[in-house]
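# Structural overview
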Amino acid sequence: MCYKSYYLCLLIVILLMRGDDINAQTETDNSTEMTSKLIQPPYLKAGDTVAIVAPSGILKNREGEVQQAVKLLESWGLHAIVGKHVFSKANHFAGTDEERCSDLQSAMDDPKISAIWCARGGYGTVRVLDKLNYTEFKKNPKWVIGYSDITALHNQVHNEGFQSLHALMCVSLTKNLDDIKESVSTFKTAIFGHPENYTLKGSSYNRTGETSGELVGGNLTMLHTMLGSKESIDTSGKILFIEEIGEYKYHIDRMLQSMKRAGYFDNLNGLVVGDMSKMRKNTTLWGTSVEQLILDALADYDFPIAFNVPAGHEKDNRALVLGKIVNLKVEKNESKLSYK
């Protein structure tokens with residue numbers, strides 16, 4: 001009986017020690033996960049190649065802007081190739097889902113391509129997400145560039161573990177580039193490895209504070225559309241950027257309320273609000289500004305909120321590196337968004 005008791009006690013001690021090791025390993029794994037960083041694709045240099053693709057809406061009579069985009073890239077010492085189906089037409093879209101996906105997949109797979117620049121947004125990217133394969137992309141990561149509907153692709157790239165660039169698209173170009181000089185210059189500095197820090201115009205609506213985290217986000221409608229899918233972003237510990245165009249205020253509130261109920265903001269570190277362009281007027285007026293609407297919808301949280309980010313559907317659409325860690329300092333008179 002004594003020997004049996006001894007071995008029983010020894011077995012219990014071994015099991016307890018093994019449990020401690022497992023717990024320690026779990027804590028280590030969790031720590032690694034929490035501190036992991038998204039992979040930054042190589043910044044561009046002279047001689048690199050950029051692929052222009054159209055994963056969304058039709059480019060009807062937009063050949064001029066695309067050719068202007070090619071010339072702009074060439075003026076920076078880059079090569080440009082235009083996807084086979086960029087000017088294809090399939091009702092609302094720039095070609096069928098298969099054609100648009102084919103151009104995008106070819107660019108993702110080609111190791112000679114350093115960046116993928118989306119020609120325009122509109123609608124349609126979500127229809128090709130499930131057809132994309134990231135096997136070759138992970139071997140040779142490259143910058144994905146665009147905004148608006150391209151937010152769906154940004155989300156997917158983020159969840160695959162890579163940074164991307166929220167910036168102007170080919171159809172954003174104007175005949176006189178001086179009209180959009182900040183959009184162009186911040187795009188250029190970002191892809192060549194010198195993303196700009198921003199001092200933002202102050203707002204009485206700003207919720208003051210200081211924080212840091214990965215910058216994520218994009219178009220509010222697209223972020224809302226991704227809820228419940230594998231492309232929805234985990235915003236825990238991150239700083240969210242949102243912008244929108246052509247929506248009623250009650251639509252903005254409905255999306256924010258839906259995201260709130262889904263826990264989207266529960267562990268958010270901060271919010272930066274870009275342009276809310278061409279807001280539509282309902283017959284029953286909302287009664288407050290869109291800034292106050294956002295503050296009211298997010299009144300249950302205490303993270304800093306900065307308005308007046310010059311990014312979205314306006315001519316001044318400055319580049320933002322999504323997935324890169326930023327510092328955010330919000331005051332009433334001004335805010336500062338800077339990369340760590």
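Notes on the structure in this doc start here. These figures come from a predicted structure and were not determined experimentally.

This model, assessed by the stated rule, comprises twelve salt bridges. Between lysine 139 and glutamate 136 there is a salt bridge, with its nearest N and O atoms 3.2 Å apart. Of this pair, lysine 139 and glutamate 136 both sit in helix H4 (residues 135–139), separated by three residues, roughly a single helical turn. For lysine 139, a relative accessible area of 56% corresponds to the exposed category. Owing to a relative accessible area of 29%, glutamate 136 belongs among the partly exposed residues under this scheme. Among the ionic pairs, lysine 238 bridges to glutamate 214, the shortest N-O distance being 3.8 Å. A residue pair is termed long-range when its members are at least 10 positions apart, and lysine 238 in the loop between helix H7 (220–225) and strand S8 (239–245) and glutamate 214 in strand S7 (residues 209–219) qualify at 24 residues. With respect to burial, lysine 238 and glutamate 214 carry one shared label: buried. By sharing partners, the salt bridges in this structure join Asp97, Arg100 and Arg127 into a single network.

Taken in spatial order, the seven strands of this open sheet run S6-S13-S12-S7-S8-S9-S10, and their pairing is mixed. Only two strands of the sheet have a single partner each, and these edge strands are strand S6 (198–201) and strand S10 (305–306). Bridging between S7 and S8 involves five bridges; their strand directions are parallel. Paired with valine 216 across the two strands is leucine 240, which belongs to S8.

Rules of the game
- Residue positions are given per chain, counted from 1 along the sequence in the order it is written.
- In keeping with the predicted nature of the model, local features appear solely for residues at pLDDT of at least 70, side-chain atom pairs appear and are counted solely at 80 or more, and the whole-chain, interface and lining totals rest on all residues.
- As a convention, hydrogens and water are excluded, and side-chain values are obtained from all of the structure's heavy atoms.
- Here a salt bridge means any side-chain nitrogen of Lys or Arg lying within 4 Å of a carboxyl oxygen belonging to Asp or Glu.
- Each helix is a run of DSSP H or I of at least 4 residues and each strand a run of E of at least 2, with the numbering of both proceeding from the N terminus.
- When accessible area is computed with a 1.4 Å probe and restricted to protein chains, residues below 20% of their type maximum are described as buried, those above 50% as exposed, and intermediate ones as partly exposed.
- By definition, two strands form a pair when at least two bridges between them are found by DSSP.

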